[in-house]
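Examination of the molecular architecture
Listed below, chain by chain, are the residues.
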Amino acid sequence: MTPIMHLLLLPLLFSIAGAKDLEEKKGPFENTVLNVPEGTPVPYPIYQFQVTHPSVSDFRLSGEGKEDIRISNDGWLYLEKPLDWSQDDHYIIMVEALAGDEVVDGPVYVTINVLDINNNAPFFNQSTYTAVVRENNAAGIPFTRVFALDQDDPQTPNAHLSYSLVSQIPNNHHILLFQIDPNTGEISTTEAGERMLKARQGIQYGRGEDRSIDALRTKFNDYCPVQNIPYEENPFFTCVERAEIRRRNVDPLEDPDYTLSVRVQDLGGVSETSLSGNAIVHIVVQQNLWVNPGPITVKEHLKEMYPLVIAKVQSNEPNAIYKLVQKERDLKFPFQITEDGEIHLTDELDREDKDMYILVVFALDSNDKQLDPPMEIQVLVEDLNDNAPVCANKESVFEVQEDEPVGSLIGQLLAHDDDQAGTLNAQLTFTIVSQNPPTTPNSFSIDAASGRIQALRLLQRKDQQVFNLNVRVSDPVFSTECKVVVKVIDINNEMPLFEKNDYGSHTLAEDTPVGHTVLTISATDADDPDSGSSFIEFHITAGDDDNIFVVETDGKGVGHLVIAKPLDFESSPTYKLQIDARNPEPLMMGLEYGRESTAFVSVSLTDIDEAPEFSLDILDVTVPENTTKGSVLLTVEAKDPEGKEISFKLDGDTRGWLVIDAATGEIKTKDKLDRETLETFEVTVTAFEKENPEKSSERVLSVRLLDVNDNFPKLMETQAFICAKTPKPIIIKAQDTDSAPFSQPFTFSFIFAHGKKSPNWDLKSIDGTTAKLTLKKQPTEDKTFTLPINIKDNAGMGITQSFEVRVCNCTELGYCYFAPAERAFRWGMGPTIGILVGIVGFCVIIFIIVIKRANKGGKKTTEEQETNALM
């Protein structure tokens, strides 16, 4: 459509847009910012400049997007083409008002922000994923991950993706065994899956044990002896053989145990208009022999022959090397592990020395690489009753006022037993054996279970001031006697009296350290000295809700008001403390504490310029490594206690991946992240006062990058040879720089045209990173084969790679032999033609030189003849 046709259509379009709507799109001829949704139909009026210059007859556009945006001679900006946010998210256009060809106003600049609309459905980076999970995989621990993309604006909900599980096949019990993290796409087992997932049954092999068919026959004979029936004709053996081969070479794509249908939705998956994408995840359940045998219980002081087998572990890899270490750094570690995984106890244990050990078992390969996750095994030491009760004090002293009512608590006798708490071995029984002086009836009783001593009669100080009790404390085997002294003291008929009731005002700087003594207070009590009636305790009962202060005392009437917590002027600039003096013994009946037992003190704080404070002490963030450039990772929050303006800065970002907004604390990515370069890193965030940068605080931000399946397995070597007469298998090895679950175990397979299988070659996986390539038929001549080998990682991502194998006759040393004829000097057609051309050229050059020299010789002879004639 031509611009003239657009201009003809504008009046019609304006009428459709509506007068009111268009009125809102008009404005003066000045710098303007406009927001236009992408995909707006064209032609569409977006803004009209109202110029005051009377001579303006036209306008001129220049700058970004002038091909997509036009302006009419009456000042209407309109779209020539629909805008696309994914192509450009904004345009800056310069507009000049013209009178003929002369600029009479402007230029002014128009910034057009293209608003993203949700017009891109999210999509997975793979349509089909494969994964392997072990039995008893801990619930919530991811074993694989799906990943989706959305081409909408990542700063808007249009690209806020949410993952969900659509279906699980099979699901015979209507119980989901798997779950997916809605935010990350990580797939893990549910609690039901942790319990219920079972692998296909298979034969178990020990360390270094042969896994050939002959070994399988031997194992079969151990359980099902065969009499005169060839293995090939025994249906039971062939069934076991097929199942074992199928289990060893299971392909998640062709023979999965479970198939999950997963969905990704934009708009966070909470809107009816959310767009979605789908993928399939094929899962194979592998047998898990790496099972924790704990907790293991061993009796202390066990009389046995040592070393003693207490447990056994078995790795999922038969050739694993086991290593046993202690989690705690104790001098004594009486445990060891054999090459078969047997855990031995090497000495007697004593529960009173240590009641539990934590053993950490590693399963390693020959290069000390972990084959299974480290296993923590608890060893619990079972208690024997080998300890007698012990009195808490050599002599327990209690005080009781005279004339206390019958049943009053005298005190509680404390004792303990080093045997295991909560068992009969440590259950104590208290009994009063003797009382001195004796009374009839006895003056005291004791609770057999708790040791609480109570008065059985009214005690008079004039009758007896001190009683001595012997109390037997016993467990089911042992017993001991504890001494108890009961002092009958005078009634508490005197109150503590402060030396003064107002200790005045005190001023402290806000940064006064904790433990500083503000002032010393004192009080007196006229009751019997060295008794609970005269012991003075000080309590702050008002004016200190946050327990900033405390009064320390020795009970003899002197107290020290001390700062117990950091002071904060902004929270509370002043305190008016009420301090009460009290006795631990109750006052006599009818007597109450009065004003004389209370004092007041005022504390004022002076403000100190403090550094900004962060809202969080620990900053950490975990993000996928393919996070879009410009995405917000975290907004750091801090404030200045005095309310001053602060700024932020970022240090320690050696890769230059992050940037922080100095005003808001918003941390964004400014470059592509790469987990293979750096999986975790730390940067320092500093908040400081703008006017006084020396007042600053720092926090360390820890960033962990989640792996994305952005690398495929690669062959470590791409060529090899096989000796024709003694063909031995080739071990091929691959590596993937991604981490689990996007790396090993790898799947190796041939990819031939039309899905055909190779009659000459066989390829079988050995472990997670290697495979065995075997030549099945011997060739009739030396030949080089190029084999297409497809290697996929645990998530099903991979490509086909060429592997070149030369089959040749070998020397005695095992290297390819080259026959003399093969070493003969041969030229190809190109080199031969080049040599012939060179020879011909050389001959031509020689010929030219000879001719020139002949001509020179002839000329010289003629000159000599002429000279002789003149003479």
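Residues numbered from 1 in each chain as written. Predicted model: local features only at pLDDT ≥ 70, side-chain atom pairs only at ≥ 80, totals over all residues. Heavy atoms only, no water.

1. Some details on the sheet that holds strand β46 (residues 646-651)
Across the sheet, which stays open at both edges, the four strands sit in the order β43-β50-β49-β46 with mixed pairing between neighbours. The open sheet has two edge strands with one neighbour each: β43 (619-624) and β46. Neighbour-to-neighbour, the strand axes of this sheet turn through a mean angle of 25°, independent of strand direction. Across six bridges, the pairing between β43 and strand β50 (residues 696-706) is parallel. (Pairing = 2+ DSSP bridges. Helix = DSSP H or I, 4+ residues; strand = E, 2+ residues; numbered from the N terminus. Axes fitted to C-alpha atoms, helices over the stretch in contact; angles between N-to-C directions.)

2. Details of the nonpolar core
By size, the foremost hydrophobic cluster in this structure holds 28 residues, and its most contacted members are F124, V146, Y163, F178, V281 and I283. Of all elements in the fold, only β10 (128-134), β14 (178-180), β16 (258-265) and β17 (276-286) reach the threshold of two or more residues within this core. (Core = buried A, V, L, I, M, F, W, Y, C linked by side-chain atoms within 4.5 Å. Buried < 20%, exposed > 50% of the residue type's maximum accessible area, 1.4 Å probe, protein only.)

3. Some remarks on the state of the cysteines
One pass over the full model with this rule turns up three disulfides. One disulfide in the model links C723 with C810; its S-S distance is 2.0 Å. Here C723 and C810 share a disulfide; its torsion about the S-S bond, -95°, makes the bridge left-handed. Here C723, found in strand β52 (residues 719-723), pairs with C810, found in the loop between β58 (798-808) and α6 (820-823); they are 87 residues apart in sequence, far enough to count as distant. Its relative accessible area of 26% is what places C810 among the partly exposed residues. Each disulfide of the protein chain joins two cysteines, and with those cysteines numbered along the sequence the arrangement is 1-2, 3-5, 4-6. (Disulfide = S-S within 2.5 Å.)

4. Side note on the sheet that holds strand β4 (residues 58-63)
Judged by pairing direction, the sheet is mixed, and its four strands sit side by side in the order β2-β8-β7-β4 without closing on themselves. The open sheet terminates on both sides in strands that have one partner only, identified here as β2 (32-37) and β4. Averaged over neighbouring strand pairs, the angle between their axes works out to 30° when direction is ignored. The pairing of β2 with strand β8 (residues 102-115) spans six bridges and is parallel. Looking at the pairing, V36 lines up with V114 of β8.

5. Description of the pairing of β17
Where β10 and β17 come together, seven bridges link them in parallel fashion. In the sheet register, R134 faces β17, and the bridge partner there is Q286. Looking at chain direction, β16 and β17 are connected through eight bridges and run antiparallel. Paired with S261 across the bridge in β17 is I280.

6. Side note on the side chain of S315
Relative to the assigned elements, S315 resides in the loop between β19 (308-312) and β20 (321-326). Here E317 takes part through its backbone nitrogen, which lies 3.0 Å from a polar atom of the side chain of S315. At 2.5 Å, the side chain of S315 forms a polar contact with the side chain of D372. Once you skip the residues sitting within four places of it in the chain, S315 turns out to touch L289, W290, A320, Y322, A363 and D372. (Polar contact = N/O pair within 3.5 Å; in protein donor to acceptor, adjacent residues only side chain to side chain. Contact = heavy atoms within 4.5 Å.)

7. Comments concerning unusual backbone geometry
The peptide bond linking G106 to P107 adopts the cis configuration, its omega dihedral lying at 10°. Here P107 shows up in strand β8. Following N436, the chain continues to P437 via a peptide bond in cis, the omega torsion being -5°. At D530, a position not held by glycine, the phi torsion is positive, near 60°. Structurally, D530 is set in the loop between β36 (517-524) and β37 (537-542).

8. Brief notes about the packing of aromatic side chains
The full count for this structure, using the stated rule, is 16 aromatic pairs. Seen in terms of ring centroids, W290 and Y322 are 6.4 Å apart; in terms of plane orientation they differ by 10°. Their pairing is stacked. With W290 in the loop between β17 and β18 (296-299) and Y322 in strand β20, this residue pair connects regions lying 32 residues apart in the sequence. Of the residues examined, W290 reaches a relative accessible area of 9% and is grouped as buried. Look at W761 and F785: their rings are 5.4 Å apart centre to centre, the planes differ by 75°, and that puts the pair in the edge-to-face class. Of this pair, W761 sits in strand β55 (residues 761-765) while F785 sits in strand β57 (residues 783-792); the two residues are 24 residues apart in sequence, bridging distant segments of the chain. (Phe/Tyr/Trp six-rings, centres within 6.5 Å; stacked < 30°, edge-to-face > 60°.)

9. Remarks on the side chain of N137
Tracing the chain through its elements places N137 in the loop between β10 and β11 (144-145). Of the residues examined, N137 reaches a relative accessible area of 17% and is grouped as buried.

10. Description of the confidence of the model for the protein chain
Taken residue by residue, the protein chain gives an average pLDDT of 84. The fraction at 70 or more is 85%. Low pLDDT, under 50, characterises residues 1-23; the predicted model gives this stretch 21 contacts beyond four residues in sequence or across chains. For residues 858-871, every residue scores under 50 in pLDDT, and the model assigns this stretch zero contacts once sequence neighbours within four places are set aside. (pLDDT = per-residue confidence, 0-100.)

11. Some thoughts on the pattern of salt bridges
Overall, the coordinates contain 14 salt bridges when judged by the stated rule. Here D609 makes a salt bridge to K644, at a shortest N to O gap of 3.2 Å. On the criterion of sequence distance, the pair formed by D609 in the loop between β41 (598-606) and β42 (613-614) and K644 in the loop between β45 (638-639) and β46 is long-range, its members being 35 residues apart. Classification of D609 by relative accessible area gives partly exposed; the value is 23%. The class of K644 is partly exposed, set by a relative accessible area of 36%. (Salt bridge = Lys/Arg side-chain N within 4 Å of Asp/Glu carboxyl O.)

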